[in-house]
Amino acid sequence: QVTLRESGPALVKPTQTLTLTCTFSGFSLSTSGMCVTWIRQSPGKALEWLALIDWDDDKYYSTSLKTRLTISKDTSKNQVVLTMTNVDPEDTATYYCARMLATTGAFDYWGQGTLVTVSS
Amino acid sequence: SSQLTQDPAVSVALGQTVRITCQGDSLRTYSASWYQQKPGQAPVLVIYDTDRRPSGIPDRFSGSRSRNTASLTITGAQAGDEADYYCHSRDISNDRIFGGGTKLTVL
């Protein structure tokens, strides 16, 4: 059974760095074809893709946010970490992690999401 | 990067058929997937590889593509299908892109 769970601070101040952790089970990120991605959704808005890391440690970032994002994995802990620097109130959103199979390119399992509010 | 365009809202009478569309140049090259999101819940994958259905998704959900437009069709819409639907694909620079979402109302 595949599960993913996001964790991180609920409140962050502007200009600070946000660190989110995705802890997953039911698959290994060292298995060929496995990927984990981060997606966010501002209140009342559409989904926005942020970053992706694959089994081979290749990393991909949203063109519009890549200067602020870093994604990494700890295969032994079954975790993927996303850091976002210099946060702004516009970064207030629910942040989801999801699994993607390279063969389909689709996000087949999602965490429940974690709401992050950026406010002073 | 490329964009995917969806109608903001669509309605369908209970038991009827509805088509939700997603338009974008990247769809000429890359496959589409579709996600259903109900209020307060995480999205759920309902179609991948343009026209394939994950296990557990009812067969009233189907997908197709013509040129630069992907479509999600719900045949015999039920009250429980009322949700936001998002299309997703990728572009040539490896960005993963979502459409703006379509709010489906079942009347």
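Residues numbered from 1 in each chain as written. Chains lettered and ligands numbered in written order. Predicted model: local features only at pLDDT ≥ 70, side-chain atom pairs only at ≥ 80, totals over all residues. Heavy atoms only, no water.

The next thing to look at is the overall build of chain B. Broken down by element type, chain B carries zero helices and 10 strands. For chain B, the sequential pattern of α-helices and β-strands runs β-β-β-β-β-β-β-β-β-β. Here chain B has a C-alpha radius of gyration of 13 Å; the compact-globule value for 107 residues is 13 Å, and the two agree. When the backbone C-alpha atoms are referred to their principal axes, chain B occupies close to 40 × 25 × 25 Å. Burial analysis of chain B (107 residues in total) assigns 50% to the buried set. Of all intrachain contacts in chain B linking residues separated by at least 6 positions in sequence, the fraction that spans at least 24 positions is 56%. As displayed, chain B offers around 5200 Å² of accessible surface, 42% of which is attributable to carbon and sulfur atoms. Between the mean site of the 11 positive side-chain charges and the mean site of the 10 negative ones, chain B shows a separation of 4 Å. (Helix = DSSP H or I, 4+ residues; strand = E, 2+ residues; numbered from the N terminus. Rg over C-alpha atoms; globule rule 2.2 N^0.38 Å. Buried < 20%, exposed > 50% of the residue type's maximum accessible area, 1.4 Å probe, protein only. Contact = heavy atoms within 4.5 Å. Areas by Shrake-Rupley, 256 points an atom, 1.4 Å probe, with all protein chains shown as cover. Lys, Arg positive; Asp, Glu negative; His and termini not counted. Charge placed at Lys NZ, Arg CZ, Asp CG, Glu CD.)

So, on to the interface of chain B and chain A. Between chain B and chain A, the contact holds 19 residues from the first and 23 residues from the second. Between chain B and chain A the total buried area reaches about 1500 Å² when both faces are included, carbon and sulfur atoms providing 62% of it. When residues of chain B are sorted by the area they lose upon contact with chain A, Pro43, Arg96 and Phe98 of chain B head the list and together hold 36% of the total. The tally of links between chain B and chain A comes to zero salt bridges. Linking chain B to chain A there are six residue pairs in polar contact (both at pLDDT 80 or more). (Buried area = accessible area lost by both parts, 1.4 Å probe. Salt bridge = Lys/Arg side-chain N within 4 Å of Asp/Glu carboxyl O. Polar contact = N/O pair within 3.5 Å; in protein donor to acceptor, adjacent residues only side chain to side chain.)

Glancing now at the pairing of strand β4 (residues 33-37) of chain B. All names here are of chain B. The buried fraction of β4 amounts to five of the five residues, a majority that puts the element mostly inside the structure. Side-chain alternation along β4 places Ser33, Tyr35 and Gln37 on one buried face and Trp34 and Gln36 on a second face that is also buried. Inspection of the sheet shows β4 paired to strand β5 (residues 44-47) by three bridges, in the antiparallel sense. In the strand pairing of β5, Tyr35 is matched with Leu45. Here β4 folds back onto β5, and the loop between the two strands holds six residues, one of which, Gly40, carries a positive phi near 75 degrees. (Pairing = 2+ DSSP bridges.)

What follows deals with the sheet that holds strand β6 (residues 61-66) of chain B. Residues and elements named next belong to chain B. Here we have four strands laid out as an open sheet, ordered β1-β3-β7-β6, and antiparallel in their pairing. Of all the strands in the sheet, the pair left with one neighbour each is β1 (5-6) and β6. As paired elements, β6 and strand β7 (residues 69-74) share six bridges and run antiparallel to each other. Residue pairing across strands places Arg65 opposite Ala70, the latter belonging to β7.

The next subject is the packing of aromatic side chains. Here a ring pair, both rings aromatic, is described through the centre-centre distance and the interplanar angle of the planes. Within this structure, the stated rule accounts for eight aromatic pairs over all chains. Both rings, one in Phe107 of chain A and one in Phe98 of chain B, keep their centres 6.0 Å apart while their planes meet at 40 degrees; by these two values the pair is tilted. One end of the pair, Phe107 of chain A, is in strand β10 (residues 107-110); the other, Phe98 of chain B, is in strand β9 (residues 96-98), on a second chain. Residue classification places Phe98 of chain B among the buried positions, given a relative accessible area of 10%. Centre to centre, the rings of Phe61 of chain B and Tyr85 of chain B are 6.5 Å apart; their planes meet at 35 degrees, and the pair counts as tilted. Residue Phe61 of chain B is located in strand β6, and its partner Tyr85 of chain B is located in strand β8 (residues 83-90); the two are separated by 24 residues in the primary sequence. Between the NZ or CZ atom of Arg99 of chain A and the centre of the ring of Phe27 of chain A, over which it lies, the distance is 5.2 Å. (Phe/Tyr/Trp six-rings, centres within 6.5 Å; stacked < 30°, edge-to-face > 60°. Lys NZ or Arg CZ within 6 Å of the ring centre and 35° of its normal.)

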